[in-house]
Amino acid sequence: MPAHDPPVLDDRAGTSGPAAAPVRQPLSDSVYEDIKAMIMDHEIAPGARVGIEALSRRLDVSPTPVREALARLESDGLVVKRSLSGYRATELLTRQGVEELFEMRLLLEPRAAALAALRADESQLDAIEAIQEAMEAHPGPAGPYASYRDFAALDQRFHDAVAAAADRPLLLDAVERLHAHLHIFRLSSLPAEDDPTLAEHERVVRAILRRSPERAAEAMADHLHRSLERQLSRFGSEEK
């Protein structure tokens with residue numbers, strides 16, 4: 001699960017004794033992940049209505065954790081809530097939408113990488129390096145969402161960690177709010193062996209560890225440009 005996803009805690013979590021064990025949090029997280037997987041895999045089609053009662057029956061849970069999950073998915077940008085019609089899955093990004101998403105990322109993330117090279121403390125450097133190493137142990141983006149969920153979450157954590165190390169709260173907030181990994185991975189998955197994300201991240205990490213803001217910004221911009229090319233290749237000649 002992406003690091004920025006806030007858990008729903010049980011009201012008794014602060015008490016002691018056997019009754020203090022959280023009850024709602026695991027169920028809420030499970031329902032959230034189940035519905036997210038349905039959306040990411042298009043089991044819930046883009047633009048389709050997301051019915052609370054239907055999902056509660058399908059997942060064999062009460063409507064409450066479904067409502068909690070949908071509220072979290074709305075903050076992720078995967079569902080939208082409309083008055084009188086309830087929740088709907090968001091539409092997929094168009095070619096123009098992908099280009100605009102990466103335009104924003106290219107404005108924000110190279111600057112974040114440069115600042116991280118200058119301002120990151122040792123714990124932040126360790127965290128960025130640890131996330132990169134963790135990604136190497138997880139399958140890349142291929143197959144259904146469940147098979148690459150951890151990779152996608154770590155990918156987002158990597159970019160968020162770089163932005164956090166920039167020591168610019170507004171910049172971090174802007175990067176997090178894009179939810180780029182969810183929108184991009186939702187389009188379709190690339191075969192793991194064809195995905196050069198790890199190598200591109202490694203160049204960013206090396207530049208930050210060497211305290212080279214110019215190289216960090218260049219490496220991040222190169223990563224984003226290459227990622228944009230990979231995403232646009234999915235559209236072929238359509239929408240040009």
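Residues numbered from 1 in each chain as written. Predicted model: local features only at pLDDT ≥ 70, side-chain atom pairs only at ≥ 80, totals over all residues. Heavy atoms only, no water.

## Overview of the pairing of strand β3 (residues 86-89)
Just so we agree on the cut-off: For two strands to pair, DSSP has to find at least two bridges joining them. Only runs of H or I of at least four residues qualify as helices and only runs of E of at least two qualify as strands under DSSP, and these elements are numbered from the N terminus.
In terms of strand pairing, strand β1 (residues 49-50) meets β3 through two bridges, oriented antiparallel. What sits directly across from Arg49, in β3, is Arg88. Strand direction decides the pairing type here: strand β2 (residues 79-82) and β3, joined by four bridges, are antiparallel. Pairing of Arg82 across the sheet is with Gly86, part of β3. Counting the residues in the hairpin turn of β2 and β3 gives three residues, including Leu84, whose phi is positive at 75°.

## Some remarks on the pattern of salt bridges
Applicable threshold: A pairing counts as a salt bridge when a side-chain nitrogen of Lys or Arg comes within 4 Å of a carboxyl oxygen of Asp or Glu. Burial status follows relative accessibility: with a 1.4 Å probe on protein chains alone, a residue under 20% of its type maximum counts as buried, one over 50% as exposed, and anything between as partly exposed.
Inspection of every chain in the model, using the stated rule, returns 11 salt bridges. Ionic pairing is found between Glu109 and Arg105, a salt bridge with its closest N-O pair at 2.7 Å. Of this pair, Glu109 and Arg105 both sit in helix α4 (residues 95-119), separated by four residues, roughly a single helical turn. Across this residue pair, the class does not change: Glu109 and Arg105 are buried. Across the pair Asp222 and Arg226 runs a salt bridge whose closest N-O atoms are separated by 2.9 Å.

## Observations regarding the packing of helix α5 (residues 122-135) against helix α9 (residues 197-209)
Basically, it comes down to this: In this description, a line fitted to the C-alpha atoms serves as the axis of each element, helices being fitted only across the stretch in contact, and the angle between N-to-C directions of two axes falls anywhere from 0 to 180 degrees. Convention used here: angles under 35 degrees read as roughly parallel, angles over 145 as roughly antiparallel, angles from 65 to 115 as roughly perpendicular, and any remaining angle as oblique. We call a crossing left-handed when the near helix sits turned anticlockwise from the far one by less than a right angle, and right-handed when that turn is clockwise. Whether two residues are in contact is decided by their heavy atoms: any pair within 4.5 Å suffices.
Contact geometry for α5 and α9: axes closest at 10 Å, N-to-C directions at 160°. Looking at the two axes, α5 sits roughly antiparallel to α9. Crossing hand, α5 versus α9: left-handed. Within the contact between the two elements, α5 uses Leu125, Ile128, Glu129, Gln132 and Met135 and α9 uses Thr197, Leu198, His201, Glu202, Val205, Ile208 and Leu209.

## Observations regarding empty space enclosed by the protein
Rules: Cavity: a set of points on a 1 Å grid over the protein atoms alone where a 1.4 Å probe fits but cannot get out. Pocket: an open set with protein on both sides within 12 Å along at least five of seven lines, its lining residues, like those of a cavity, having an atom within 4 Å of a point. Grid points are joined across faces, edges and corners, and a volume is the space filled by probe spheres set on the points. Polar here means any residue outside two lists: the nonpolar Ala, Val, Leu, Ile, Met, Phe, Trp, Tyr, Cys and Pro, and the charged Asp, Glu, Lys and Arg; Gly therefore counts as polar.
In total, this model carries two cavities of 30 Å³ or more according to the counting rule given. In this structure, the second largest cavity encloses a volume near 40 Å³. Residue lining of the second largest cavity: Arg105, Glu109, Gln156, His159, Asp160, Val175, Leu178, His179 and Ala180, and that is the complete set. Secondary-structure elements contributing two or more residues to the lining of the second largest cavity are α4, α6 (145-165) and α7 (169-178). Among the residues making up the lining of the second largest cavity, the classes are represented as three nonpolar, three polar and three charged.

## Some remarks on the nonpolar core
The following threshold applies: For this analysis, a nonpolar core means a set of buried residues of the types Ala, Val, Leu, Ile, Met, Phe, Trp, Tyr and Cys, connected via side-chain atoms within 4.5 Å.
Of all hydrophobic cores here, the largest spans 65 residues; its most connected members are Ile35, Ile44, Val50, Val66, Leu70, Leu73 and Val162. Here the element with the most residues in this core is α6; it accounts for 10 residues. Aside from chain neighbours lying at most four places away, what touches Leu73 is Tyr32, Ile35, Lys36, Ile39, Leu78 and Val79.

## Looking at the packing of aromatic side chains
Just so we agree on the cut-off: A pair of aromatic rings is counted whenever rings of Phe, Tyr or Trp (Trp by its six-membered ring) have centres within 6.5 Å, and the orientation is called stacked for planes under 30 degrees apart, edge-to-face for over 60 and tilted otherwise.
The full count for this structure, using the stated rule, is two aromatic pairs. The interplanar angle of 90° and the centroid separation of 5.5 Å between the aromatic rings of Tyr145 and Tyr148 together place this pair among those described as edge-to-face. Note that Tyr145 and Tyr148 are positioned in helix α6 at a spacing of three residues, about one turn of the helix. As far as the burial class goes, Tyr145 and Tyr148 line up, both buried. When the centroid spacing of 5.4 Å and the interplanar angle of 45° are considered together, the rings of Tyr148 and Phe185 count as tilted.

## Side note on the sheet that holds β3
Paired through backbone hydrogen bonds, the strands of a sheet run either parallel or antiparallel to each other. Read across the sheet, three strands follow the order β1-β3-β2 without closing on themselves; strand pairing throughout is antiparallel. Looking at strand neighbours, the two that pair on one side only are β1 and β2, the edges of this open sheet.

## Structural notes on the packing of α4 against helix α10 (residues 213-232)
Close contact between α4 and α10 brings their axes to 7 Å; oriented N to C, the two are set at 160°. Relative to α10, the element α4 is oriented roughly antiparallel. By crossing handedness, the relation of α4 to α10 is classed as right-handed. Facing α4, whose interface residues are Arg95, Val98, Glu99, Phe102, Arg105, Leu106, Glu109, Pro110, Ala113, Ala114, Ala117 and Leu118, α10 presents Pro213, Ala216, Ala217, Met220, Ala221, Leu224, His225, Ser227, Leu228, Gln231 and Leu232.

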